[in-house]
Amino acid sequence: LALIGIEALVRGGTLEVGAEQNDGASEIVVRAAGSKIAFDESIGKALEGTLPEAELSSRTAPAAMLHQLAQSLGGGVQFALSDEALVMGAVLPSA
């Protein structure tokens, strides 16, 4: 998630990473904030698990793998995009 956030900061900015454990789940949050956020729609689809397999590429494969890993553990990945920030998060159940 951090690498996706760094790539979105085409004009520089701030990358914040946070993690905590709550109610039997681990939560990871990455926030990329800057004057210009470049986030490819296909990466968002890969994070959500809605990108068709035929459309996987070297740019979308890491996001698709994150989705598959989270899903296999019973968790999930989500993101929110605005003009000035990209926020991505994952929730994974504790082992």
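Whatever comes next refers back to the structure up there.
All residue numbers refer to position in the chain's written sequence, counted from 1. Totals for whole chains, interfaces and linings use every residue, but because this is a predicted model, local features are given only for residues with pLDDT of at least 70 and side-chain atom pairs only at 80 or more, for both listing and counting. Calculation of side-chain values draws on the structure's entire complement of heavy atoms; hydrogens and water are dropped beforehand.

Novice: Please set out the overall build of the chain residue by residue, giving values where relevant.
Specialist: Numbered from the N terminus, helices here are DSSP runs of H or I no shorter than four residues, and strands are runs of E no shorter than two. Regarding its fold elements, the chain presents 3 helices and 4 strands. Starting at the N terminus, the α and β elements of the chain follow one another as α-β-β-α-α-β-β. The C-alpha radius of gyration computed for the chain amounts to 13 Å, which stays within 12% of the reference 12 Å derived for 95 residues, consistent with globular compactness. The C-alpha extent of the chain, read off along each of the three principal axes, is 40 × 35 × 15 Å. Note on classification: 1.4 Å probe, protein chains only; a residue is buried when its accessible area is under 20% of the maximum for its type, exposed when over 50%, partly exposed between these limits. Sorting the 95 residues of the chain into buried and exposed places 32% on the buried side. In what follows, residue pairs with any heavy atoms lying within 4.5 Å of each other are defined as contacts. Put simply, of all contacts in the chain between residues at least 6 apart along the chain, 52% involve residues at least 24 apart. Using the Shrake-Rupley algorithm and a 1.4 Å probe, accessible areas are obtained, with residue cover drawn only from the displayed protein chains. Here the chain displays about 5900 Å² of accessible surface, and carbon together with sulfur accounts for 52% of that area. Only C-alpha atoms enter the radius of gyration, while the globule expectation follows 2.2 Å times N to the 0.38, with N the number of residues.

Novice: I'd like a rundown of the pattern of salt bridges, residues and numbers included.
Specialist: Oppositely charged side chains can pair when the atoms bearing their charge come close. Salt bridges, as used here, are contacts in which a Lys or Arg side-chain nitrogen is within 4 Å of a carboxyl oxygen on Asp or Glu. Here the structure, examined in full by the defined rule, presents 3 salt bridges. The salt bridge partner of glutamate 7 is arginine 59, with a shortest N-O separation of 3.8 Å. In this pair, glutamate 7 sits in helix 1 (residues 2-8) while arginine 59 sits in the loop between helix 2 (41-48) and helix 3 (61-72), placing the two residues 52 residues apart along the sequence. Residue glutamate 7 is classed as partly exposed on the basis of its relative accessible area of 49%. Owing to a relative accessible area of 47%, arginine 59 belongs among the partly exposed residues under this scheme. For arginine 31, the salt bridge identified is with glutamate 16, shortest N-O distance 3.7 Å.

Novice: Outline unusual backbone geometry, supporting the account with residue identities and numerical values.
Specialist: Phi is positive for aspartate 23, which is not a glycine, with a value near 45°. With respect to the helices and strands, aspartate 23 occurs in the loop between strand 1 (14-22) and strand 2 (25-33).

Novice: Explain the sheet that holds strand 3 (residues 76-81) to me, using residue names and the numbers behind them.
Specialist: When DSSP finds two or more bridges between a pair of strands, those strands are recorded as paired. Reading across from one edge, 1-2-4-3 is the order of the 4 strands in this open sheet, with antiparallel pairing throughout. At either margin of the open sheet sits one strand with a lone partner, and together these are strand 1 and strand 3. Ignoring strand direction, the axes of neighbouring strands in this sheet form an average angle of 10°. Relative to strand 4 (residues 85-93), strand 3 runs antiparallel, the two being bridged by 6 bridges. Across the sheet, residue glutamine 78 finds its bridge partner in strand 4, namely glycine 89. Where helices are involved, their axes are fitted lines through C-alpha atoms of the stretch in contact, as for all axes, and angles between N-to-C directions lie from 0 to 180°.

Novice: How would you sum up the packing of aromatic side chains? Please name residues and give values.
Specialist: Centres within 6.5 Å are what make two rings of Phe, Tyr or Trp a pair, Trp counting through its six-membered ring; a difference in plane orientation under 30 degrees is then read as stacked, over 60 as edge-to-face, and the rest as tilted. Tallied over the full model, the rule gives 1 aromatic pair. Ring geometry for phenylalanine 39 against phenylalanine 79: centres 5.1 Å apart, planes inclined by 55°, an arrangement best described as tilted. Here phenylalanine 39, found in the loop between strand 2 and helix 2, pairs with phenylalanine 79, found in strand 3; they are 40 residues apart in sequence, far enough to count as distant. A residue is classified by how much of its surface remains accessible, and phenylalanine 39, at 14% relative accessible area, is buried. A relative accessible area of 26% places phenylalanine 79 in the partly exposed class.

Novice: Explain the pairing of strand 1 residue by residue, including any values.
Specialist: Judged from the 9 bridges that link them, strand 1 and strand 2 form a sheet pairing that is antiparallel. In the strand pairing of strand 2, leucine 15 is matched with alanine 32. Hairpin connection of strand 1 to strand 2: 2 residues between the antiparallel strands, including aspartate 23 at a positive phi of 45°.

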